[in-house]
Amino acid sequence: MIIQLASNTEPDQRKIITERVAQLGYKVNEVKTQEATYLIGIGKKEFDIRLLGSLPGIADIHRVSDDYKLVSRKWKVDRSKVDLGDQVFIGEGSLAIMAGPCSIESEKQVDLTIAHLLENGVRIMRGGVFKPRSSPYAFRGLGIDGLKMWYTKARAAGIKIITEVMQVSQIAEMHDYIDVFQVGARNTQNFNLLDELGRVDKPVMIKRGISGTIEELLYSAEYVFAAGNEKIILCERGIRTYEKASRNTMDVNAIPILKEKSHLPVVADPSHGIGVRDFVEPVALAAVMAGADGIIYETHQKPDEALSDGQQTLDFHESKRLITRLNKAYELRESF
Ligand code: PEP
Ligand code: MN
């Protein structure tokens, strides 16, 4: 069960509520986020909701049968929308397009990418400065100095930044230079990282694990919420299967399933999802039709010279075409 406390709940009222929930045989966890304080009751026993509903200090009470609670759609009528400021949102009501290189490589690349995004009305730029690479000898990113350079240019252009945080120690140094923390597929179940991201007041986009189930992704989001941060975005980025014709198998199925199970916005990453440049567009369009609230993809002025993931990266011409088609697909979907 989820009990949302009223904003003016007195400590003794809270104590009575907690005791009453415990008497029902439920274990109580208190969660305080930017939005509210919740008491999460974990248990299975049947109970009469009126026993609690009448207690002073409770704003709202919901039965949630799912094992994950706060990210479940069962208690929240309205879908969550993540506000990045300056009228940039991720969630219901618009299609969020996030584009940029796999890795931030140089000032020139950042300038060219920002110009491309501005020209095409894209407000959010992606790019990695801390890169998880399969080989330790591959390019591993420009690090915090690269982020600061990128941030200065992005801010001047009114562009928001989404970038991957790989470990707890990076959160504080990155915090003031990013708009969305990205948790990569290799870190979906890094519970220490998720806990710490729950303690900051910045949006967090969590990618599905390489071999992760939909439920595991929801539990990862639950960690961030339960630690205090409601600003969460889920991202389907393809999973590892036996198929070799594509880098990963983009699980378009996950999009409507996640939207049915959770109130959180759902974004799709077709670049990593299929991993083949020529097929990024059809998969991106399929994801929009399946209900995605946003698309994140890789673009570079010269994909063949990119320091990472060039094989799945669109050039600016292909990117422009994709943006036009994404917006058309979104309009069509919304007209149904
Ligand atoms: C990326 O976005 O560049 C990336 C490394 O993604 P993922 O964690 O999905 O592999
Ligand atoms: Mn990449």
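The rules behind each value
Residues numbered from 1 in each chain as written. Chains lettered and ligands numbered in written order. Predicted model: local features only at pLDDT ≥ 70, side-chain atom pairs only at ≥ 80, totals over all residues. Heavy atoms only, no water. Helix = DSSP H or I, 4+ residues; strand = E, 2+ residues; numbered from the N terminus. Rg over C-alpha atoms; globule rule 2.2 N^0.38 Å. Areas by Shrake-Rupley, 256 points an atom, 1.4 Å probe, with all protein chains shown as cover. Near = heavy atom within 4 Å. Polar contact = N/O pair within 3.5 Å; in protein donor to acceptor, adjacent residues only side chain to side chain. Nonpolar A, V, L, I, M, F, W, Y, C, P; charged D, E, K, R; others polar. Donors = N, O, S within 2.8 Å, 3.2 Å for Na, K, Ca; no water. Contact = heavy atoms within 4.5 Å. Axes fitted to C-alpha atoms, helices over the stretch in contact; angles between N-to-C directions. Parallel < 35°, antiparallel > 145°, perpendicular 65-115°, else oblique. Left-handed = near helix turned anticlockwise from the far one by under 90°.

I'm lost on the overall build of the protein chain in this one. Help?
Broken down by element type, the protein chain carries eleven helices and 14 strands. By the compact-globule yardstick of 20 Å for 336 residues, the protein chain fits well, its C-alpha radius of gyration being 21 Å. Structurally, the protein chain occupies a C-alpha span of about 65 × 40 × 35 Å along its principal axes. Counting every atom, the protein chain has about 15,000 Å² of accessible surface; 49% of that belongs to carbon and sulfur.

In this structure, what is going on with the site of ligand 1? I would like to understand it.
Close contacts around ligand 1 come from 13 residues, with R126, A185, R186, K207 and R237 the closest. With respect to ligand 1, the side chain of K131 contributes an N or O atom lying 2.9 Å from an oxygen atom. The backbone of A185 places a nitrogen or oxygen atom 2.7 Å from an oxygen atom of ligand 1. Relative to its free-state accessible area of 290 Å², ligand 1 is covered by the protein chains to the extent of 97%. Looking at the shell around ligand 1, its residues break down into three nonpolar, three polar and seven charged.

I would appreciate a short explanation of the coordination of the manganese ion (ligand 2) in the present structure.
Ideal donor angles around a metal are set by the shape: a four-donor tetrahedron calls for 109.5 degrees, a six-donor octahedron for 90 or 180 degrees. Listed as protein donors to the manganese ion (ligand 2) are C102 (SG), H272 (NE2), E298 (OE) and D309 (OD); their distances from the metal cover 2.1 to 2.4 Å. In the primary structure, the donors to the manganese ion (ligand 2) are separated according to the pattern C-x169-H-x25-E-x10-D. Of this pair, C102 sits in the loop between β7 (96-100) and α3 (107-119) while D309 sits in the loop between β14 (294-298) and α11 (316-335), and the two are 207 residues apart along the sequence.

Just to check I follow, could you spell out the environment of Q182 for this structure?
Residue placement: Q182 occurs in strand β10 (residues 180-183). With 25 residues separating them along the chain, Q182 and K207 place their C-alpha atoms 7.5 Å apart. In this structure Q182 touches I162, T163, E164, V165, M205, K207 and I296, once residues within four positions along its chain are discounted.

I keep staring at the packing of α3 against α11 and nothing clicks. Help me out?
Helices that pack against each other are described as a pair by the angle of their axes relative to one another and the distance between those axes. With their axes 11 Å apart at the nearest point, α3 and α11 run at an angle of 30° to one another. As summarised for this structure, α3 and α11 are arranged roughly parallel, according to the angle between their axes. Judged by the sense of rotation from one axis to the other, the crossing of α3 with α11 is right-handed. Residues L112, T113, H116 and E119 of α3 pack against F316, S319, K320 and I323 of α11. Counted by class, the contact of α3 with α11 contains three nonpolar, three polar and two charged residues.

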